[in-house]
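# Analysis of the macromolecular model
Listed here are the chains, written in short residue letters.
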Amino acid sequence: MAGIFEVFVDGESFFRFRLKSPDGLVIAVSTPFEDKPSVVAGIAAARECAGMGLVTDLCPAAGVREPAATVRPSAILHNAGSQACDEPRQASDGFRTRAKELRRAATAPRWTGAA
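On a predicted model such as this, the values are computed, not experimentally measured, just so you know. (Residues numbered from 1 in each chain as written. Predicted model: local features only at pLDDT ≥ 70, side-chain atom pairs only at ≥ 80, totals over all residues. Heavy atoms only, no water.)

Relative to strand 3 (residues 26-29), strand 2 (residues 15-20) is paired through three bridges, and the arrangement is antiparallel. Looking at the pairing, Leu-19 lines up with Ala-28 of strand 3. Between the end of strand 2 and the start of strand 3, which pair antiparallel, lie five residues, with Gly-24 showing a positive phi angle near 95 degrees. (Pairing = 2+ DSSP bridges. Helix = DSSP H or I, 4+ residues; strand = E, 2+ residues; numbered from the N terminus.)

This brings us to the pattern of salt bridges. Enumeration over the complete set of coordinates arrives at three salt bridges. Between Glu-6 and Arg-18 there is a salt bridge whose closest N-O contact spans 2.8 Å. Here Glu-6, found in strand 1 (residues 4-9), pairs with Arg-18, found in strand 2; they are twelve residues apart in sequence, far enough to count as distant. Of the residues examined, Glu-6 reaches a relative accessible area of 25% and is grouped as partly exposed. What makes Arg-18 partly exposed here is its relative accessible area of 25%. Put simply, Arg-16 and Asp-10 hold a salt bridge, and the shortest N to O gap is 2.8 Å. Three or more residues are tied together by salt bridges with common partners; here these are Glu-6, Arg-18 and Lys-20. (Salt bridge = Lys/Arg side-chain N within 4 Å of Asp/Glu carboxyl O. Buried < 20%, exposed > 50% of the residue type's maximum accessible area, 1.4 Å probe, protein only.)

The structure is reproduced here in structure tokens:
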């Protein structure tokens with residue numbers, strides 16, 4: 001099941017929407033909107049951008065310090081003999097290739113047929 005968008009009125013009488021996971025966990029909350037049609041437009045924009053959204057890594061290059069008592073998941077994976085975490089993952093279904101083709105088709109010049 002997919003996530004659920006909920007429209008609600010906040011404490012300052014603005015409209016907002018929140019995205020909830022199938023198990024009820026709130027994943028995201030929108031900025032305030034003045035009216036319901038603009039909330040609906042915001043949900044449509046979120047749906048459109050979420051599928052092909054890019055990820056920007058803002059973490060420091062050195063990484064985050066871990067508490068001494070925790071076990072790193074990558075150490076468990078290396079000990080189990082599975083694929084190393086440092087190796088890039090390969091998409092088996094060609095999703096990224098299809099996404100690139102769709103973006104190229106959408107941005108390609110359109111000919112009107114007039115010569």
